[in-house]
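A structural walkthrough
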Amino acid sequence: MTKHLFMIVALWLANPASADTVVAARTIRAQTLLTAADLAVVEGKHPGAITTIDDAIGLEARVMLYTGRPISRSDIAPAAIIARNQIVPLVYSQGGLSITAEGRALDRAAVGDFVRVMNLSSRTTVSGVVAPDGAIHVGGTPSH
């Protein structure tokens, strides 16, 4: 019995199982939120490709994903919560001081992304970080 087990282990080490790769089950447009129905798993290892469907579900396609092609981490990202031209609150917080103004987002962005925003009062373009509530924190110390 021990000899048989040794042979199985030796064969497994000589021929390790190939990794799985996640591919698009259909052509998917950029900015589409991914679901399990959009994805498939194929046998084979592709450098940089994701290996489990769970790694992609709920994320957004950053680029066009073509049927049968491997999906890499750079092809997908968290879903944007800020749309281009959306009116968003700008927040500056430092110590006990908090200043809020309205701005217009100049790009799409997800939570944690830097985004450029035009302050509607001053017409000045500033950059800030998107908070989970959709506010853009500029300068100072984020107060989330």
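Okay, the overall build of the protein chain next. Of the regular secondary structure elements, the protein chain holds one helix and nine strands. The order of helices and strands in the protein chain, counted from the N terminus, is α-β-β-β-β-β-β-β-β-β. Total accessible area computed for the protein chain in this model is approximately 9200 Å², and 58% of it derives from carbon and sulfur atoms.

What follows is about the pairing of strand β7 (residues 114–119). Both strand β6 (residues 97–105) and β7 contribute to a ladder of three bridges, which runs antiparallel. Across the sheet, alanine 105 pairs through a bridge with valine 117, a residue of β7. Pairing of β7 with strand β8 (residues 125–130), which is carried by five bridges, proceeds in the antiparallel orientation. Bridge pairing links phenylalanine 114 to valine 129 in β8. The turn linking β7 back onto β8 is made up of five residues, and arginine 123 within it adopts a positive phi angle of 60 degrees.

All right, on to the pattern of salt bridges then. Applying the stated rule across the entire model yields four salt bridges. The closest approach of N and O atoms between aspartate 38 and arginine 26, which form a salt bridge, is 2.7 Å. In this pair, aspartate 38 is assigned in the loop between β1 (20–24) and β2 (39–43) and arginine 26 in the loop between β1 and β2, connecting sequence segments twelve residues apart. Taking relative accessible area as the criterion, arginine 26 reaches 38% and is therefore assigned partly exposed. Between aspartate 55 and arginine 73 there is a salt bridge, with its nearest N and O atoms 3.3 Å apart. Linking aspartate 55 in the loop between β2 and β3 (60–61) with arginine 73 in the loop between β3 and β4 (76–77), this pair joins segments that are 18 residues apart in sequence. Accessibility expressed as a relative area gives 29% for aspartate 55, which makes it partly exposed. Given the relative accessible area of 53%, arginine 73 is considered exposed.

Attention shifts here to the pairing of β1. The buried count for β1 comes to four of five residues, which makes it a mostly enclosed element. Relative to β2, β1 is paired through five bridges, and the arrangement is antiparallel. Bridge pairing in β2 places aspartate 20 opposite glutamate 43.

Let us now look at the nonpolar core. Val22, Ala24, Ile28, Leu34, Leu39, Ile50, Ala56, Ala61, Leu65, Ile71 and Ile76 form the largest nonpolar core, which has eleven residues in total. Ranked by size, the runner-up nonpolar core spans ten residues in total, among them Val88, Leu90, Val130 and Ile136.

For the rest of this paragraph, the subject is the environment of threonine 51. Within the secondary structure, threonine 51 is located in the loop between β2 and β3. Ignoring sequence-local partners within four residues, the contact set of threonine 51 consists of Asp20 and Val22.

Glancing now at a nonpolar patch on the surface. Taken together, Tyr92, Leu97 and Ile99 make up a surface patch of nonpolar side chains, about 260 Å² in accessible area. Note on placement: tyrosine 92 falls in strand β5 (residues 87–94). Residue class for tyrosine 92 comes out partly exposed when judged on its relative accessible area of 31%.

Reading the values: rules and limits
Residues numbered from 1 in each chain as written. Predicted model: local features only at pLDDT ≥ 70, side-chain atom pairs only at ≥ 80, totals over all residues. Heavy atoms only, no water. Helix = DSSP H or I, 4+ residues; strand = E, 2+ residues; numbered from the N terminus. Areas by Shrake-Rupley, 256 points an atom, 1.4 Å probe, with all protein chains shown as cover. Pairing = 2+ DSSP bridges. Salt bridge = Lys/Arg side-chain N within 4 Å of Asp/Glu carboxyl O. Buried < 20%, exposed > 50% of the residue type's maximum accessible area, 1.4 Å probe, protein only. Core = buried A, V, L, I, M, F, W, Y, C linked by side-chain atoms within 4.5 Å. Contact = heavy atoms within 4.5 Å. Patch = residues over 30% accessible without salt bridge, like charges linked within 9 Å, V, L, I, M, F, W, Y side chains within 5 Å.

Interpretation note: all reported values are geometric properties and have no functional meaning in isolation.
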